[in-house]
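Listed below are the residues making up each chain.
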Amino acid sequence: MNTTIFVLDILIRFTSLIWLPYNRKPVVALGWLMAIFFIPFVGFLAFLIFGSRHLPRYRRARQHAMNDMIREASGDSPYLTTIDDLSEAARVASQLNYKLGALPLVGGNRFTLHEDNHAAMVAMAERIGTARHYVHFEFYITAYDEATKVLWDALFAAHQRGVQVRVLIDHIGSRKYPSFHKLCSMLDRSGIQWRLMLPLRPWRLQWQRPDLRNHRKVLVVDGEVAFSGSQNAIHRSYDMKANIEKGLEWKDLTFSCTGPIVEELNAIFISDWYSETNELLLAEIEANIPYTPGGVRAQVVPSGPGFETENNLRLINYMIYNAEERITICSPYFVPDETLLQALTNAAFSGIEVTVIVCEKGDQFLPNMAQRSYYETLLAAGVRILQYPGPTVLHSKYMYVDNEMVLIGSSNMDPRSFSLNLEVSTFITDNAMVRALEDVTARYEAICTELRYDQWAARPNRIKMVENLCRLWSSLL
């Protein structure tokens, strides 16, 4: 028996050394190898369950099929708008996005920012109330509660008057909230077509890596107006007793939009519906997006394990390396990989003003402590770090560079959002949108505390040790 265990132990270690580093980031491979060498059987079992970031093959095939259809519909052109007056950096960024995500840069759009979670859902409900043909609803987390009642009642009412309503909800993301089963029953009784995204139900042969999530937030009404951004469709306390007792409330940033960009957000929903149902909703998408000169130019950037190229991380790094004056980033979970950390510190060392807005106290211990471990390096390089005070969880996710390029959506700045979550971001090249985000940033900054290098570096060693341990664990994502 002891001999068998010894041989298995050696075999696991040897196999891991050969197999595990293949096509993985060195820091991720090293993290898994450390786990396997310290606790061989448990570590290897964990790797078998959590080690692959890829979606099942049939899901990736459907994503590739959708990408091919979108490219064909756009005439395989990365621009469906004028670009002569754009900077070279913005033009190349849109070319990069098209190559990776298949959606072109389109003009003639309008954007409105919504800074209050509950007011944003009222605005969504009002637009659903005008729906004539269809409503597409896709959210990572949702619930039926006092804040979302107006939204869900509008969806049920739209269905009852003959509007085609389709709903996608992330299975693991939503299931822990109190009204999940109630909402599922309500949807079943209503007759609305709905599906769980990335369901984990092995008894139904529904299985993928357990911690993959569809983190997207998209609402489309009749192909005329769309909402997207950082917020989930739930009360700002997330309906959790512990949050209410601590006074935790989430603060988000959502946008509504009109113009051709709506069809690109609709394409995200169509792709995800196709992945979950194998049903392609060709009647509910405008395949031929019009060429629209000028106006606000924008481009949807899908990313996640359905793609092989970490689309969001590549765009973020590109934007940082092409900054000339300033970079502003707001993210509740800020755990930069080596490429992002180097890009930001290089920018700061080069004299570019770099500002990062984070939560003072996050809602999740591991990512919060892991991100704190990077602050000293960033501060030493000259990066400004602003902490938004608790108990509010600042959940807004955006960045802007100079006076032209914006990225806003569901994506955090961490390994989970770069590799494991299906995310949707929107790239916008427009000075007015930059100014609108400047105003949002100014309101955040007015109540933030700026970290100082000397004070931060002097924090207790025991705290540094916990931060570094969490940083090591985050590399396994």
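**Observations concerning the overall build of the chain**
The helix and strand tally for the chain stands at 18 helices and 19 strands. Scaling as 2.2 N^0.38, a compact globule of 477 residues should have a C-alpha radius of gyration of about 23 Å, and the chain matches this with 22 Å. Each of the three principal axes of the chain carries a C-alpha extent, and together these read 70 × 55 × 50 Å. The 477 residues of the chain split such that 59% are buried. Summed over its atoms, the accessible surface of the chain is roughly 20100 Å², and 56% of this surface lies on carbon and sulfur atoms.

**Let's talk about the side chain of Glu263**
Mapped onto the fold, Glu263 is located in helix H11 (residues 261–277). Of the side chains bearing the opposite charge, Arg132 lies closest to the buried Glu263, which forms no salt bridge; the N-O distance is 11 Å. Apart from the residues lying within four places of it in its own chain, the contact partners of Glu263 are Tyr134, Gly223, Ile285, Glu286 and Ile289.

**Let's talk about the packing of helix H5 (residues 88–101) against helix H12 (residues 311–321)**
In the contact formed by H5 and H12, the axes pass within 10 Å of each other and the chain directions differ by 170°. Taken together, the axes of H5 and H12 are roughly antiparallel relative to one another. The segment H5 lies against H12, with Glu88, Ala89, Val92, Ala93, Leu96, Asn97, Leu100 and Gly101 engaging Asn311, Arg314, Leu315 and Tyr318. When the residues that make up the contact of H5 with H12 are grouped by side-chain class, the tally is 7 nonpolar, 3 polar and 2 charged.

**Points about helix H9 (residues 180–190)**
All buried positions along H9 are accounted for by Phe180, Leu183, Cys184, Met186 and Leu187. Mapping the buried residues of H9 onto a view down its axis gives an arc of 160°, with all of them on the same face. Exposed residues pointing more than 90 degrees away from the buried face of H9 are listed as His181, Asp188 and Arg189. Next to the buried residues of H9 lie helix H7 (149–160), strand E4 (164–170), helix H8 (171–175) and strand E5 (193–197). Positive phi appears at Gly191, one or two residues downstream of H9, with a value of about 90°.

**Observations regarding the nonpolar core**
Phe111, Cys257, Leu265, Tyr398, Val406, Ile428 and Tyr444 are the most contacted members of the largest nonpolar core, which has 57 residues in total. Among the elements that make up this core, the one with the highest residue count is H11 (9 residues). Beyond its immediate chain neighbours, meaning those up to four positions away, Tyr398 contacts Leu253, Thr328, Ile329, Cys330, Ile357, Leu407, Ile408, Leu437, Val440, Thr441 and Tyr444. By size, the runner-up hydrophobic cluster in this structure holds 48 residues, among which are Leu313, Ala348, Ala370 and Phe427.

**Examining the pattern of salt bridges**
Across all of its chains, the model carries 18 salt bridges by this definition. Note that Arg216 is salt-bridged to Asp272, the shortest N-O span being 2.9 Å. With Arg216 in the loop between strand E6 (213–214) and strand E7 (217–221) and Asp272 in helix H11, this pair connects stretches of sequence that are 56 residues apart. Here the two residues Arg216 and Asp272 agree in accessibility, since each one is buried. The residue Arg384 makes a salt bridge to Glu445 at a minimum N-O spacing of 2.8 Å. Separated by 61 residues along the polypeptide, Arg384 in strand E14 (residues 384–388) and Glu445 in helix H16 (residues 431–445) bring together distant segments of the chain. Judged by relative accessible area, which is 32%, Glu445 ranks as partly exposed. In this structure, a network of salt bridges that share partners links the residues Arg372, Glu376, Arg459 and Glu467.

**Let's talk about the pairing of strand E11 (residues 296–303)**
Counting buried residues along E11, 8 of its 8 residues qualify, which places the element largely inside the surrounding structure. Covered by surrounding structure in E11 are Val296, Ala298, Val300 and Pro302 together with Arg297, Gln299, Val301 and Ser303, the residues of both alternating faces. Across 2 bridges, strand E2 (residues 105–114) lies against E11 in antiparallel orientation. Across the sheet, residue Val106 finds its bridge partner in E11, namely Ala298.

**Observations regarding the pairing of strand E16 (residues 398–401)**
Side-chain alternation along E16 places Tyr398 and Tyr400 on one buried face and Met399 and Val401 on a second face that is also buried. Across 4 bridges, strand E12 (residues 326–330) lies against E16 in antiparallel orientation. In the strand pairing of E16, Cys330 is matched with Tyr398. Relative to strand E17 (residues 405–409), E16 runs antiparallel, the two being bridged by 4 bridges.

**Quick look at the side chain of Thr429**
The topology assignment puts Thr429 in strand E18 (residues 421–429). Side-chain polar atoms of Thr429 contact the side chain of Glu404, separated by 3.4 Å. Once residues within four sequence positions are removed from consideration, Thr429 is found in contact with Leu86, Ala90, Leu105, Arg297 and Glu404.

Cut-offs and rules
Residues numbered from 1 in each chain as written. Predicted model: local features only at pLDDT ≥ 70, side-chain atom pairs only at ≥ 80, totals over all residues. Heavy atoms only, no water. Helix = DSSP H or I, 4+ residues; strand = E, 2+ residues; numbered from the N terminus. Rg over C-alpha atoms; globule rule 2.2 N^0.38 Å. Buried < 20%, exposed > 50% of the residue type's maximum accessible area, 1.4 Å probe, protein only. Areas by Shrake-Rupley, 256 points an atom, 1.4 Å probe, with all protein chains shown as cover. Lys, Arg positive; Asp, Glu negative; His and termini not counted. Salt bridge = Lys/Arg side-chain N within 4 Å of Asp/Glu carboxyl O. Contact = heavy atoms within 4.5 Å. Axes fitted to C-alpha atoms, helices over the stretch in contact; angles between N-to-C directions. Parallel < 35°, antiparallel > 145°, perpendicular 65-115°, else oblique. Nonpolar A, V, L, I, M, F, W, Y, C, P; charged D, E, K, R; others polar. Arc of directions from axis to C-beta. Core = buried A, V, L, I, M, F, W, Y, C linked by side-chain atoms within 4.5 Å. Pairing = 2+ DSSP bridges. Polar contact = N/O pair within 3.5 Å; in protein donor to acceptor, adjacent residues only side chain to side chain.

Read these as geometric descriptors, not functional statements.
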